Amino acid sequence: MASTAPDEASLFAELQKVRRAGLVRLRGRVLPALESAAAEAATGARTPGAAVEALLRLAVARLDAGTLRTAAEYTLGLAQGTRDWPAASRRARAASVYGVSVERFRKDHEVMVLGQVAEHIVRLASRPAVGAAGAADARTGDGGGSGTHRTVGIAAGGRTVALTLHVHPVDLLRDVDVVVSPVNVHLALPERFKSSVAASLRRAAAVHGVTGDLLADPLHDELFGWASRHGAAGRAVLPGTVAATGAGALTGQGVRRIYHAAVAVPRAGTNDYDVLQSDVTRATSRALAVLAAEHDRFDPPLRSVCFPLLGSGRGGLSYGASLAAVWAAVEADAARGAGWDIHFVVRSPEAAALVERLPAGIRPAHDRRATR
């Protein structure tokens, strides 16, 4: 007999328990509604605590990008480095996302945030289960499937390149040597509370104390140092420039380098950017050249690199235009004999579907300036 998905009220009550306890104290807690939802959603996790955490990450990843998702990540301890924070510290950080007092956040915004998470959990639990094989794909990335990690085989350079597709927030990447991050030509990183790829990486790389206080902002500091060493402090670099830095706290996730790719040109008098496909291709090619130059400087050598769809956010490029621009450089590099492990990270099913269609070929997209 088919099981009944838990109701939002029960899930909301248990989400409040998770908020108070934190992820590190989930083991052994009685959370029947969340555990039932996790079983229905077929997260693939083997223990109740791990299944609940996987379910929470899936639900929060489906929230609108921006303040809502960021506040949910802090509230539940899903943001990088916050899983062991006290509940009061997580609530204070979430309140700062909305720029309100802790008390106002507790009475108003927190209720809204947890309510939205509960709503998405109900949707996850109500969809058809992917089954054991699908759950294994989500964990390992083997064999394609509908999980958060998929493998796509693509012919390039006379051989088949195995491309790994990640369908989740960029700050959840694990064990990828290099992550390419889009940045503007002034090499100015967005604030940590923003929702862009660069902001998410800056936030995940930051070092915090046990109370949540910021101790170090390594991506910002190292990028400023790179600009100073190369005579670019206070001025714009050419589009396509790539600045390599360390990964800060992301080293704990197996990420060793961040390559900041300058592809966005600020539009005067606005908060918008212009991004050209040719600049995305140039930056991708440069990132691969930097990877080749740094390859043997590390032990073990750098092998894997992950690309988001550069310029497809506020830069205004469509997913297809960005993918075509990035893949042009990757394919050319493979044709010259490069053997890197190539990864893509995307957030939306639409973008994931485009990457999965790469074996069928990319229809050329016209280079254009952003229109928004």
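S.K.: Explain the pairing of strand E7 (residues 257-266) here, please?
M.R.: Each regular strand carries side chains that alternate between the two faces of the sheet. With eight of ten residues buried, E7 is to be regarded as a mostly interior element. Relative to E7, strand E3 (residues 178-184) is paired through seven bridges, and the arrangement is parallel. Directly across from Val 180, in E7, lies its bridge partner Tyr 259. Of the strand pairs in this sheet, strand E6 (residues 242-245) and E7 are connected by four bridges, and their pairing is antiparallel. Within E7, the residue paired with Ala 243 across the bridge is His 260. For E7 and strand E8 (residues 273-274), the ladder comprises two bridges, and the chain directions are antiparallel. Residue pairing for E8: Pro 266 is matched across the bridge by Tyr 273. Adjacent in sequence and paired antiparallel, E7 and E8 are bridged by six residues, among which Gly 269 carries a positive phi angle near 80 degrees.

S.K.: What should I look at first to understand helix H6 (residues 102-126) in this one?
M.R.: Note on helix geometry: an α-helix contains 3.6 residues per turn, so any two residues three or four positions apart are oriented the same way. Under the 1.5 Å per step criterion, the end-to-end length of H6 is 34 Å for 25 residues, consistent within 8% with the ideal 36 Å. Within H6, the axis deviates most sharply at His 109, by approximately 45 degrees.

S.K.: What is the right way to look at the pattern of salt bridges in this model?
M.R.: For side chains of opposite charge, pairing can occur when their charged atoms come near one another. Within the structure shown, the criterion is met by 14 salt bridges. Of the charged contacts in the structure, one is a salt bridge between Arg 202 and Asp 217, with a shortest N-O distance of 2.5 Å. Of this pair, Arg 202 sits in helix H8 (residues 197-205) while Asp 217 sits in the loop between strand E5 (214-216) and helix H9 (218-229), placing them 15 residues apart in sequence. Exposure class is identical for Arg 202 and Asp 217. Each is buried. The salt bridge involving Arg 336 is made with Asp 333; its shortest N-O contact spans 3.4 Å.

S.K.: Could you clarify how one ought to interpret the environment of Tyr 74 in this entry?
M.R.: Examined against the element boundaries, Tyr 74 turns out to sit in helix H4 (residues 67-76). Expressed as a C-alpha distance, the spacing of Tyr 74 and Arg 91, which sit 17 residues apart in the sequence, is 7.1 Å. Discounting residues that sit within four places of it in the chain, Tyr 74 has contacts with Ala 79, Thr 82, Arg 90, Arg 93, Ala 94, Val 97 and Arg 203.

S.K.: Where do I start with H8 in this structure?
M.R.: The element H8 is extensively covered by neighbouring structure, given that eight of its nine residues are classed as buried. Those residues of H8 that are buried lie in contact with H4, E3, strand E4 (207-208) and H9.

Thresholds, definitions, all that
- Residues numbered from 1 in each chain as written.
- Predicted model: local features only at pLDDT ≥ 70, side-chain atom pairs only at ≥ 80, totals over all residues.
- Heavy atoms only, no water.
- Buried < 20%, exposed > 50% of the residue type's maximum accessible area, 1.4 Å probe, protein only.
- Helix = DSSP H or I, 4+ residues; strand = E, 2+ residues; numbered from the N terminus.
- Pairing = 2+ DSSP bridges.
- Expected span 1.5 Å × (residues − 1).
- Bend = angle between axes of the 7 residues up to and from the residue.
- Salt bridge = Lys/Arg side-chain N within 4 Å of Asp/Glu carboxyl O.
- Contact = heavy atoms within 4.5 Å.

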